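Commentary on secondary and tertiary structure
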Amino acid sequence: MNENALGSLRRVQAGVLKIAFHESGPADGPPVLLLHGFPYDVQSYVEVAPQLAAEGCRVVVPYLRGFGPTQFADAGTPRSGEQAAIGADVRDLLDALAIPRAVLAGYDWGGTAACVAAALWPERCTGLISVNSYKIQNIAAARQPISPENEARYWYQYYFHAERGRAGLAQNRRALCKLLWRMWSPIWQFDDATYERSAAAFDNPDFVDIVIHSYRHRHGLAAGDPAYAALEARLAEQPDISVPSITFDGTDDGVMPVGGTADHGHHFIGRHEHRVVQGAGHNLPQEKPQAFVDAVRDLVHGNIGR
């Protein structure tokens, strides 16, 4: 399948960004935002989006800040990758498209954006899907060591903390990101053409700055954009999520903590189901699209926690 399966490519001014996004399905259908992660792009939903559109959903698949055709409206805006920024981008996109409420579904950075938006603005969220469960970063605890097995999984984050890592990402972004794909989804047999369709999104001129800032900020090593300071203060309280939620773990996810994320359940104080998908790696919607479609369908129709 190709990018056309995601629907028409549109652009809209949303907050500090000119967000590029694909849209499909009826304009009056239940809205669903599908949010990709790093280092991936909208292609993660190339099989999910058409199914949901065919079932009557209004499906919006945006490129996150720093990816693909999404651009900043002002050259002077800080190139922040912090969690409050990508969460605010979701709210701003909903505003720009005049969508009062939507199902927010994502993984990796997209999961963080969806969790942030659901926690801070629950009135805008019909339901939440998050791979790896509660994705709001606990920055205050970020310098506390974890198990050696889990520390090893985060080598790339520590690499990005140094200027050598910034230079490596800038110089070798195609090879480095492809290595992450392989490590994070060891069973997924993607071909070069599949990878290249997503890798084109990494040519965005803000990609390196935003990626590096994201992984430094979440460890308390870089200051945030002052525009998001109040939101970050709220996120520092590790707010609970009250909207109906379905969370996922893939059994072969190379980023997920050893032992999974089922212990995150106390953060979800509304109706909540945690699902484990056999044979799924980190890019769950592209690897196991039917599991993702089923979850969105369950939220749209209220079939959760009964």
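Throughout, residues of each chain are indexed from 1 in the direction in which the sequence is written. Reporting of local features is limited, given that this is a predicted model, to residues whose pLDDT is at least 70; pairs of side-chain atoms are given and counted only at 80 or more, and all residues count toward the totals for whole chains, interfaces and linings. Side-chain figures throughout are based on the complete set of non-hydrogen atoms in the structure, without hydrogens or water.

1. A look at the overall build of the chain
Spelled out, the test is: Helix and strand definitions follow DSSP, with helices as H or I runs of at least four residues and strands as E runs of at least two, each counted in order from the N terminus. Radius of gyration means the value over C-alpha atoms here, while the globule rule gives 2.2 Å times the residue count to the 0.38 power. Surface accessibility follows the Shrake-Rupley procedure with a 1.4 Å probe radius. Residue values consider only the protein chains on display as shielding. When charges are counted, Lys and Arg contribute as positive and Asp and Glu as negative, whereas His and the chain ends are disregarded. Charge placement uses NZ in Lys and CZ in Arg. For Asp and Glu, CG and CD serve respectively.
Assigned secondary structure in the chain consists of twelve helices and nine strands. Rg of the C-alpha trace for the chain: 18 Å, near the compact-globule value of 19 Å for 306 residues, within the 12% margin. The principal-axis extent of the C-alpha atoms belonging to the chain is close to 50 × 45 × 40 Å. Only carbon and sulfur atoms are counted for the fraction: they give 52% of the accessible area of the chain, which is about 11900 Å². Charge centroids of the chain, computed over 27 positive and 34 negative side chains, lie 2 Å from each other.

2. Examining the packing of aromatic side chains
The way to describe two aromatic rings as a pair is by their centre distance and the angle between their planes. Rules: Any Phe, Tyr or Trp ring, taking Trp's six-membered ring, that has another such ring centre within 6.5 Å forms a pair; planes under 30 degrees apart are called stacked, those over 60 apart edge-to-face, and the others tilted. Exposed residues in this analysis have more than 50% of their type's maximum accessible area, buried residues have under 20%, and partly exposed residues fall in between, with area computed by a 1.4 Å probe over protein chains only. By the criterion adopted, a ring carries a charge over it if an Arg CZ or a Lys NZ lies within 6 Å of its centre and within 35 degrees of its normal.
Per the stated rule, a full pass over the model turns up 28 aromatic pairs. Where Phe67 meets Phe202, the ring centres are 6.4 Å apart and the plane angle is 80°; that geometry is what we call edge-to-face. Here Phe67, found in the loop between strand S4 (58-62) and strand S5 (71-72), pairs with Phe202, found in the loop between helix H8 (192-199) and helix H9 (207-217); they are 135 residues apart in sequence, far enough to count as distant. Just as Phe67 is buried, Phe202 falls in that class too. Judged by centre distance (5.4 Å) and plane angle (90°), the ring pair of Phe67 and Phe207 falls under edge-to-face. Highlighted residues: Phe67 in the loop between S4 and S5 and Phe207 in helix H9, separated in sequence by 140 residues. Assessed through its relative accessible area of 1%, Phe207 is described here as buried. One residue, Arg79, lies across the ring of Phe72, its end atom 4.1 Å from the ring centre.

3. Here's the deal with the pairing of strand S6 (residues 102-106)
What counts is decided by this rule: Strands are labelled as partners when DSSP assigns at least two bridges between them. Note on handedness: a crossover is taken as right-handed if, strands pointing away from the viewer, the path from the first strand over the helix to the second is clockwise.
Within S6, five of the five residues are buried, which leaves it mostly tucked inside the rest of the structure. On S6, burial covers both faces: Ala102, Leu104 and Gly106 on one face and Val103 and Ala105 on the other are all buried. In this structure, strand S3 (residues 31-35) lies alongside S6, joined through four bridges in parallel fashion. If you follow Leu33 over to S6, its bridge partner there is Leu104. The pairing of S6 with strand S7 (residues 125-131) spans five bridges and is classified as parallel. Residue pairing for S7: Ala105 is matched across the bridge by Ile129. Taken together, S6, helix H3 (residues 109-120) and S7 constitute a β-α-β crossover, and its handedness is right-handed.

4. Re the pattern of salt bridges
Here is the rule: Each salt bridge in this description consists of a side-chain nitrogen of Lys or Arg and a carboxyl oxygen of Asp or Glu lying within 4 Å of one another.
Per the stated rule, a full pass over the model turns up 16 salt bridges. The partner of Glu55 in a salt bridge is Arg297, with the nearest N and O atoms 2.6 Å apart. Placement of Glu55 in the loop between helix H1 (48-54) and S4 and of Arg297 in helix H12 (residues 289-300) is noted, with a sequence separation of 242 residues between them. For Glu55, a relative accessible area of 41% puts it in the partly exposed group. Residues joined in a network through salt bridges with shared partners are Glu163, Arg166, Asp209 and Arg216.

5. Observations regarding the layout of surface pockets
Stated formally: Here a cavity denotes a set of grid points, spaced 1 Å apart and computed over the protein atoms alone, in which a 1.4 Å probe fits but from which it cannot get out, and a pocket denotes an open set meeting protein on both sides within 12 Å along at least five of seven lines; residues with an atom within 4 Å of a point are reported as lining. Grid points are joined across faces, edges and corners, and a volume is the space filled by probe spheres set on the points. Note that Gly is not counted as nonpolar here; it falls among the polar residues with everything else outside the nonpolar set of Ala, Val, Leu, Ile, Met, Phe, Trp, Tyr, Cys and Pro and the charged set of Asp, Glu, Lys and Arg.
Empty space within the largest pocket amounts to approximately 1000 Å³. If you go around the largest pocket, you meet 36 residues; those closest to its centre are Gln137, Asn138, Tyr154, Pro257 and His264. Counting residues per element, the ones that place at least two in the lining of the largest pocket are H3, helix H4 (148-153) and helix H5 (155-161). Within the lining of the largest pocket, the residues separate by chemical class into 15 nonpolar, 15 polar and six charged.

6. Digging into the pairing of strand S1 (residues 8-14)
Bridge analysis of S1 against strand S2 (residues 17-24) gives seven bridges, and the strand direction is antiparallel. By the bridge assignment, Arg11 is partnered in S2 with Ala20. Joining the antiparallel neighbours S1 and S2 is a turn of two residues, in which Gly15 adopts a positive phi near 65°.

7. Topic: empty space enclosed by the protein
It is a probe the size of a water molecule, rolled over the atoms, that shows where empty space is left. The final tally for this structure, using the stated rule, is one cavity of 30 Å³ or more. The calculated volume of the largest cavity comes to roughly 80 Å³. In this structure, the largest cavity is lined by Leu17, Ile19, Leu33, Leu35, Pro62, Tyr63, Leu64, Arg65, Ile86, Asp89, Val90 and Leu93. Among the elements of the structure, S2, S3 and helix H2 (83-96) are those that each provide at least two residues to the lining of the largest cavity.

8. Brief notes about the nonpolar core
Applied cut-off: We call a set of buried residues a nonpolar core when its members are Ala, Val, Leu, Ile, Met, Phe, Trp, Tyr or Cys and they connect through side-chain atoms within 4.5 Å of each other.
Membership of the largest hydrophobic core comes to 97 residues, with the highest contact counts inside it found for Leu34, Phe38, Phe248 and Phe292. No other element matches the nine residues that H3 contributes to this core.

9. Focus: helix H7 (residues 173-184)
Selection rule: What a helix is expected to span follows from its residue count: subtract one and scale by 1.5 Å. Two residues form a contact once any of their heavy atoms are found within 4.5 Å.
With twelve residues, H7 should reach 16 Å at 1.5 Å per residue; the first-to-last C-alpha distance of 16 Å fits that figure. On its buried side, H7 packs onto H5, helix H6 (163-171), H8 and H9.

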